[in-house]
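# Examination of the molecular architecture
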Amino acid sequence: MPGKIRLYDTYQAKVVDFVPIVAGEVSIYYCGPTVYNYAHLGNIRPVLVFDLLGRVLRELGYKVHMISNYTDIDDKIINKALEEKKSEKEVSDFYIAAYEKVLSQLNIIPLEYHPRVSNYIPQIVDFISAIVDKGLAYKTASGDVYFSVKDDPFYGSLSKTKIDDLISGSRVEIGEEKKSPLDFALWKNTSDQGIKFDSSLGKGRPGWHTECVVMINSYFKKPLIDIHGGGFDLKFPHHENEMAQSWAYDGTRLANTWMHVGFLNMNGEKMSKSLGNIVMAQEAIDKFGGNVIRDFYLTTYYRSPVNFTQEAIETATSEVDKYERLMKKFEAKEGLEGIVFTSAFDQESFDKFLSFLADDLNVANALTVLAEVMKNANNLLRNPRSSLDDLSKAFNTYKKMLEVLGFKFEPLLISSQDKETYASYLQARADKDFKRSDELRQLLIAKGLM
Ligand code: AMP
Ligand code: ZN
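This write-up is about the structure you can find in this document. (Residues numbered from 1 in each chain as written. Chains lettered and ligands numbered in written order. Predicted model: local features only at pLDDT ≥ 70, side-chain atom pairs only at ≥ 80, totals over all residues.)

Attention shifts here to the pairing of strand β1 (residues 6–9). The side-chain alternation of β1 yields one buried face, formed by L7 and D9, and one unburied face, formed by R6 and Y8. Looking at chain direction, β1 and strand β2 (residues 14–17) are connected through four bridges and run antiparallel. When the bridges of β2 are listed, D9 appears paired with K14. Counting the residues between successive antiparallel strands, the hairpin from β1 to β2 contains four residues, one of them, A13, with a positive phi of roughly 55°. (Buried ≥ 20, exposed ≤ 12 C-beta atoms within 10 Å, placed from the backbone. Helix = DSSP H or I, 4+ residues; strand = E, 2+ residues; numbered from the N terminus. Pairing = 2+ DSSP bridges.)

This is the structure:
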């Protein structure tokens, strides 16, 4: 049986014991990007958090089914296509490829599937029609379809917003035929130049809030999954509207656990395209490397906001350097001394590390266990009398912890020349030729081999 994990659920507004729908398995869906532009650094925070969650769940023994969508139908994509005289598909394919390159450089475990809205139009139309038939959505004179928020007694229960407060702060835009300002579009008929689909609802496009519910139902073949999430900004209205449609369609709240990831801020404000305070994810990876970006995010609790500052990046860089140096020391020891580490493993430290991560992804506490393992490893490596068993135990445990956190380091390449240099260094030391042994040692240090 898989190990226990506790997660904060936005709907229940507390940390709760996670109970899977199907024993031993976890279904996860997180809302993905609208692919009309390159991803910025904020966009990838949820991706890294869900990647860590997936790693922890696998380590606990669960079979993880994780998917995330690409919103490839949206006015922003249409506008970009018109601007660049391309089809919407060319625009979205281009930005999807750029996004997937970012994911791979961040060492994100490939998802089980990336559904695209454009492939689910018939299912979306059927879904909307079913809600209309239930009387919870209505068609306007021009054929648009709106969800009737006042008919949903649960509306606001996810984001803890009150319908009356919302109504007093909102208004119906000119040209909209809503009955109430909170009602949201499920389908819009249109004769504009953008992509549109012929359907029983008319010629038009679905609204943004329907796609995820339909893709969850279609892919998982059930109306309720274990975990659904995204950034904090999606809580309202996007996720509230998704949940409302799920209640309307088949009486479930779509996901048992709703997870929301805190913002990346820049100069005290949310990093966002509309504010213009963005750093592109690709640019940051090119400059600092995927491991540093991962470390930058890992060290803050995932629900808290995090500030993008030079200082934070420097701290992450020095942490990652430490991780890599220790990894290389082990590899150098194995490669230069011709020893082979055994499979010895410090299960007790690892279990402690994992149980912190299973406590709503408490990385900060898990890192204190990692620090102990590193300290012990450095002591062992410094001591020429350390046993192979102790060294192997420290190495395997350390390596596994880095893997669970998602770091990836290139293996150390040791040439035959390096091995000769090392043999000469040992010989010079045995001969008490300290000048020569010191020179050779410096050479090995410069190559990261000592
Ligand atoms: P979008 O393409 O704007 O729909 O965003 C894609 C994902 O990025 C969503 O899960 C958003 O919640 C998330 N996101 C956008 N901006 C930020 C930010 N500054 N910090 C954290 N997450 C963000
Ligand atoms: Zn969504």
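Grouped together as the largest cluster of nonpolar side chains are 112 residues, with contacts concentrated most on I128 and L357. Here this core takes nine residues from helix α1 (residues 44–60), the largest share from any one element. Per-domain counts for this core show at least three residues from each of domain 1 (6–261) and domain 2 (325–446). Beyond its immediate stretch of four places on either side in the chain, I128 contacts A137, V145, L186, W187, L201 and T210. (Core = buried A, V, L, I, M, F, W, Y, C linked by C-beta atoms within 7 Å. Domains from an automatic or database assignment. Contact = placed C-beta atoms within 7 Å.)

Moving on, we get to the sheet that holds strand β12 (residues 264–266). Here three strands make up an open sheet; going across it, the order is β13-β12-β14 and the pairing mixed. Strands at the two margins of the open sheet, each flanked by one partner only, are β13 (269–270) and β14 (306–307). When β12 meets β14, the two strands line up parallel, connected through two bridges. Bridge assignment links L264 to a residue of β14, and that residue is V306.

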